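Fold and contact review
In case you want the letters, here they are:
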Protein chains: 2
Amino acid sequence: MIHKLSELSEKARHKPKQKIAVAAAEDELVLKSLKSAAKDGIVIPVLIGDKTNIERIAQSIDFDVSGIEIVHNHKGAAVSAQMAVSTIKNGNAEILMKGLISTSDLLKAVLDKENGLRKGDILSHVSFFESPHYRKLLCVTDVAMNIAPDLNTKVHIINNAVEACHKIGITLPKVAVAAAVETVNPKMEATVHAAELKKMQWHGCIVDGPFAIDIAVDKEAAAHKGIESEVAGDCDILLMPDIEAGNVFYKALNFLGGAVSAAVIMGAAVPIVLTSRSDSEISKLYSIALAAAMD
Amino acid sequence: MIHKLSELSEKARHKPKQKIAVAAAEDELVLKSLKSAAKDGIVIPVLIGDKTNIERIAQSIDFDVSGIEIVHNHKGAAVSAQMAVSTIKNGNAEILMKGLISTSDLLKAVLDKENGLRKGDILSHVSFFESPHYRKLLCVTDVAMNIAPDLNTKVHIINNAVEACHKIGITLPKVAVAAAVETVNPKMEATVHAAELKKMQWHGCIVDGPFAIDIAVDKEAAAHKGIESEVAGDCDILLMPDIEAGNVFYKALNFLGGAVSAAVIMGAAVPIVLTSRSDSEISKLYSIALAAAMD
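Everything numeric in this text was worked out from a predicted model, so none of it was measured.

Right, let's get into the overall build of chain A. Helix and strand content of chain A: eleven helices and eleven strands. By the compact-globule yardstick of 19 Å for 295 residues, chain A fits well, its C-alpha radius of gyration being 19 Å. Projected onto its principal axes, the C-alpha positions of chain A cover 60 × 40 × 30 Å. The buried share among the 295 residues of chain A stands at 60%. Of the contacts formed within chain A by residues at least 6 apart in sequence, a portion of 70% connects residues at least 24 apart. For chain A, the accessible surface area stands at approximately 11700 Å², while carbon and sulfur atoms represent 49% of it. Here chain A contributes 31 positively and 36 negatively charged side chains, and the mean placements of these two sets differ by 2 Å.

As structure tokens, this is what we get:
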């Protein structure tokens, strides 16, 4: 069982170091998090972008990049993304990271049919929380990419999250399909999806629901309502109904819950680190560690 | 500014005591919370239901009901609800509380066209949070009643929450219309509703959005994203996109956020206290205090 995100940094530190290809690395916050990650011995950065700008920004934050591979590109961020993807395809890096580039431009390079990093059918956002109010890491998905996933998309979202869990050592994650209530109500699609998902054959995970959040994370609440399930009160993965519920939950824990989170995009050939400006420094560092800890 | 829910108990204690009519009061948890509320001098209970059962349960929890008005009814919970509603219509109580009765049976009595307590167009659930991570009470709505409110329903939901704020002394609440992002995206109805709601004429409140939760409650996050709004980072009311997002947020703060909450149903002639079994003791007590503190 993993209790803290720092265990992921620890894990990444004690395995053969992975390389992280950074698309459009000329970004102060991104370079700051890479400075920490490199110093902690979590990853080896490969910086792709405008070399002059990268070196200038690195110097301004006291990040010595003299020993770090910089792949120069002056043709703009979209080309940097293509080059980062090629770096990975050529076996010269195992993780992709977003720099000063829009998410859609980065994903365009990832999803390119010929030269991209396609693997599964769906890319999805997979986050892991360390909460002072939960006894182990809590994986939450999808809070940022898939707006209103249909049943089939939810299957892929679950599989992506389960794969992430397996890769960091959570061998048989318990998946709670989150909703507002525990009974199936045709007016609430999330509950209908939950009933369908529960019926399917799953490998490497246990799926149950619909559960409101209290039932999913609190054994006492589950007992109060007479719900018997090995997932109830002990879930590893929370599948969110849609992007609104997911995002609201993610931000509630991060901004009003004293939690810390890490996140990657799963579903491509390699994990993608895609931090946002409002993420805390530590959250950015843990996101890199999460990707680097994956086997 | 109200910082803590205990201020509501304090307020209720120092004003003329209100009577709370309890529909089907023969419930241990409900009587426990009424025992605390009566002891604290917050309300005067009027217990409606099976007198023998009420007295037996009261005795088992050491609640002396000898000085408390009990209105006997042996014809079942639905009739108790009608009698509780009549008690209020006759001016003998100012608050309605749900006992051992289904929510739908209780609301049927409330919404009865001739004998009910109808006032506005929409009943909605209004909750108030005391969070260790927010500097004042945070009102969140609707997390339990309206499943997928349309624009017009959202107007009523906002007005109900604003009325609740006014009644406890929050004179000009700032309403953040919550969503997953800050830009209007036709694929995300919450953002479209937010833009419409923002354009409307409001009285007694300020409405802005769409805001993700970090923007709504965290000034630094708002500044990071360059969002200038007197609501951003300082909201009093969070309007949730739908019941899934609302419920997930509510449960996240209560079960993973170290928060305490109180809630009432607004939109009828009087506030309705409708606690659920999984609510903590203190949360039930604060819900009674919230209703009793209203002017």
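A separate point is the relation of the copies chain A and chain B. For the match of chain A to chain B, the screw axis carries a shift of 0.0 Å, the RMSD comes to 0.0 Å, and the turn is 180°. The transformation just described matches what one would write down for a two-fold rotation axis. A share of 100% of the interface residues of chain A reappears at the interface of chain B, consistent with the copies meeting face to face through the same patch.

Across the contact, 36 residues belong to chain A and 36 residues belong to chain B. A combined buried area of about 3100 Å² lies between chain A and chain B, and 75% of that area is made up of carbon and sulfur atoms. Looking only at chain A, the three residues that lose the most surface to chain B are Glu-244, Val-248 and Leu-256 of chain A, adding up to 23% of its buried area. The interface formed by chain A and chain B contains two salt bridges. Of the charged contacts in the structure, one is a salt bridge between Asp-214 of chain B and Lys-251 of chain A, with a shortest N-O distance of 3.4 Å.

On to helix α1 (residues 6-13) of chain B, then. All names here are of chain B. All buried positions along α1 are accounted for by Leu-8, Ser-9 and Ala-12. The arc that holds every buried residue of α1, seen down its axis, measures 100°, which confines them to one face. Lining the buried residues of α1 we find α6 (151-168) and α11 (281-293).

Residue and element names in this part refer to chain B. Their axes nearest at 8 Å, the elements α1 and α11 cross at an angle of 50°. On the basis of their axis angle, the class for α1 and α11 is oblique. In the packing of α1 onto α11, the handedness of the crossing is left-handed. Judged by residue contacts, Ser-6, Leu-8, Ser-9, Lys-11 and Ala-12 of α1 engage Tyr-286, Ala-289, Leu-290, Ala-292 and Ala-293 from α11. Broken down by class, the residue content of the contact of α1 with α11 amounts to seven nonpolar, two polar and one charged.

What counts and how
- Residues numbered from 1 in each chain as written.
- Chains lettered and ligands numbered in written order.
- Predicted model: local features only at pLDDT ≥ 70, side-chain atom pairs only at ≥ 80, totals over all residues.
- Heavy atoms only, no water.
- Helix = DSSP H or I, 4+ residues; strand = E, 2+ residues; numbered from the N terminus.
- Rg over C-alpha atoms; globule rule 2.2 N^0.38 Å.
- Buried < 20%, exposed > 50% of the residue type's maximum accessible area, 1.4 Å probe, protein only.
- Contact = heavy atoms within 4.5 Å.
- Areas by Shrake-Rupley, 256 points an atom, 1.4 Å probe, with all protein chains shown as cover.
- Lys, Arg positive; Asp, Glu negative; His and termini not counted.
- Charge placed at Lys NZ, Arg CZ, Asp CG, Glu CD.
- Least-squares fit on C-alpha atoms with pLDDT ≥ 70 in both.
- Buried area = accessible area lost by both parts, 1.4 Å probe.
- Salt bridge = Lys/Arg side-chain N within 4 Å of Asp/Glu carboxyl O.
- Arc of directions from axis to C-beta.
- Axes fitted to C-alpha atoms, helices over the stretch in contact; angles between N-to-C directions.
- Parallel < 35°, antiparallel > 145°, perpendicular 65-115°, else oblique.
- Left-handed = near helix turned anticlockwise from the far one by under 90°.
- Nonpolar A, V, L, I, M, F, W, Y, C, P; charged D, E, K, R; others polar.

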